[in-house]
Amino acid sequence: MPAPTNPKKRALMPSSPLRRALRAAGHHLSPVVQVGKDGLTEAVLRQLHEALLAHELVKMKVGTESPEDRLEIADRLLAEDVQVAQVLGRTVLAYRRHPERPRFEPAPAGAAAERPEPKRAPRKGRRAPAREARPPARGKGQPAKGRRAPAKGTRPAARRPGPRAKRTRR
């Protein structure tokens with residue numbers, strides 16, 4: 001495939017299943033880092049590195065007053081060892097693989113062997129172990145299983161016709 005002639009039509013990260021997964025996961029993220037009127041300063045880069053260490057995938061918003069173009073910022077991020085998964089409008093999706101617990105890429109073979117498997121808590125909704133089985137106590141005044149007994153001194157509620165029942169005038 002020939003290289004595109006338009007400089008804005010270039011891929012910053014090679015197309016792969018990883019890039020597709022990053023774009024899908026980044027769709028629901030809110031911008032964490034914002035580039036303002038001073039551009040991509042050392043403070044913004046420091047904030048980006050902290051956010052990447054915490055989240056691994058970060059959405060950046062480039063303000064309209066920024067002196068640098070969004071693609072220039074993406075090129076500077078590539079120089080900072082940050083991969084750019086997507087540039088969409090004034091939003092840049094930045095990614096750096098977490099050194100210990102990667103979410104989107106498999107961990108190296110040696111790292112998985114060193115880390116012990118975490119203990120899992122029991123899932124919610126599981127039944128408790130069955131107690132000794134005994135027949136339900138049903139006497140003369142007890143309702144049938146699964147039904148509630150009407151309160152004393154009340155009449156059962158009259159059934160209303162369903163939505164398709166034919167209604168007649170009285």
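Structure: above.
Residues numbered from 1 in each chain as written. Predicted model: local features only at pLDDT ≥ 70, side-chain atom pairs only at ≥ 80, totals over all residues. Heavy atoms only, no water.

Description of the pairing of strand 3 (residues 83–88)
Argument step 1. In this structure, strand 3 lies alongside strand 4 (residues 91–95), joined through five bridges in antiparallel fashion. Bridge pairing links Val84 to Ala94 in strand 4.
Argument step 2. Here strand 3 hands over to strand 4 after two residues, with Gly89 in that stretch at a positive phi of 65°. (Pairing = 2+ DSSP bridges. Helix = DSSP H or I, 4+ residues; strand = E, 2+ residues; numbered from the N terminus.)

Quick look at the sheet that holds strand 3
Argument step 1. Read across the open sheet, the four strands follow the order 1-2-4-3; overall the sheet is mixed. Looking at which strands have only one partner, the edges of the open sheet turn out to be strand 1 (33–35) and strand 3. Put simply, the sheet's adjacent strands are angled 25° from each other on average, direction ignored.
Argument step 2. Sheet contacts for helix 3 (residues 70–79): strand 1, strand 2 (57–62), strand 3 and strand 4; angle to strand 3, the most-contacted strand, approximately 170°. (Axes fitted to C-alpha atoms, helices over the stretch in contact; angles between N-to-C directions. Contact = heavy atoms within 4.5 Å.)

Here we look at the packing of aromatic side chains
Argument step 1. Under the counting rule described, the total for this entry stands at one aromatic pair.
Argument step 2. Residues Tyr95 and Phe104 carry aromatic rings whose centres are separated by 6.2 Å and whose planes lie at 80° to one another, so their mutual orientation is edge-to-face. (Phe/Tyr/Trp six-rings, centres within 6.5 Å; stacked < 30°, edge-to-face > 60°.)

Section: the environment of Gly39
Argument step 1. Along the chain, Gly39 falls in the loop between strand 1 and helix 2 (42–55).
Argument step 2. Between the alpha carbons of Gly39 and Val62 there is a distance of 8.4 Å; along the sequence they are 23 residues apart.
Argument step 3. Leave out the neighbours within four places in its chain, and Gly39 touches Val44, Ser66, Pro67 and Glu68.

Let's talk about the side chain of Lys59
Argument step 1. Checked against the element boundaries, Lys59 lands in strand 2.
Argument step 2. One buried charged residue, Lys59, remains without a salt bridge, the closest side chain of opposite sign being Glu56 at 17 Å.
Argument step 3. A distance of 3.2 Å separates a polar atom in the side chain of Lys59 from the backbone oxygen of Gly26.
Argument step 4. Beyond its immediate sequence surroundings of up to four residues, Lys59 is in contact with Gly26, His27, Leu29, Ser30, Pro31, Val32, Val33, Thr91, Val92 and Leu93. (Buried < 20%, exposed > 50% of the residue type's maximum accessible area, 1.4 Å probe, protein only. Lys, Arg positive; Asp, Glu negative; His and termini not counted. Salt bridge = Lys/Arg side-chain N within 4 Å of Asp/Glu carboxyl O. Polar contact = N/O pair within 3.5 Å; in protein donor to acceptor, adjacent residues only side chain to side chain.)

Structural notes on the nonpolar core
Argument step 1. Val33, Leu40, Leu48, Met60, Ile73 and Leu77 are the most contacted members of the largest nonpolar core, which has 19 residues in total.
Argument step 2. Contributing elements (two or more residues each) for this core: strand 1, helix 2, strand 2, helix 3 and strand 4.
Argument step 3. Ranked by the residues each element gives to this core, the list is headed by helix 2, at five residues.
Argument step 4. Apart from the residues within four sequence positions on either side, Leu40 is in contact with Val35, Leu45, Met60, Glu68, Ile73, Arg76 and Leu77.
Argument step 5. One finds Met13, Leu18, Ala85 and Tyr95 within the second-largest nonpolar core, a separate group that totals seven residues. (Core = buried A, V, L, I, M, F, W, Y, C linked by side-chain atoms within 4.5 Å.)

Function cannot be read off these values alone, since they describe shape.
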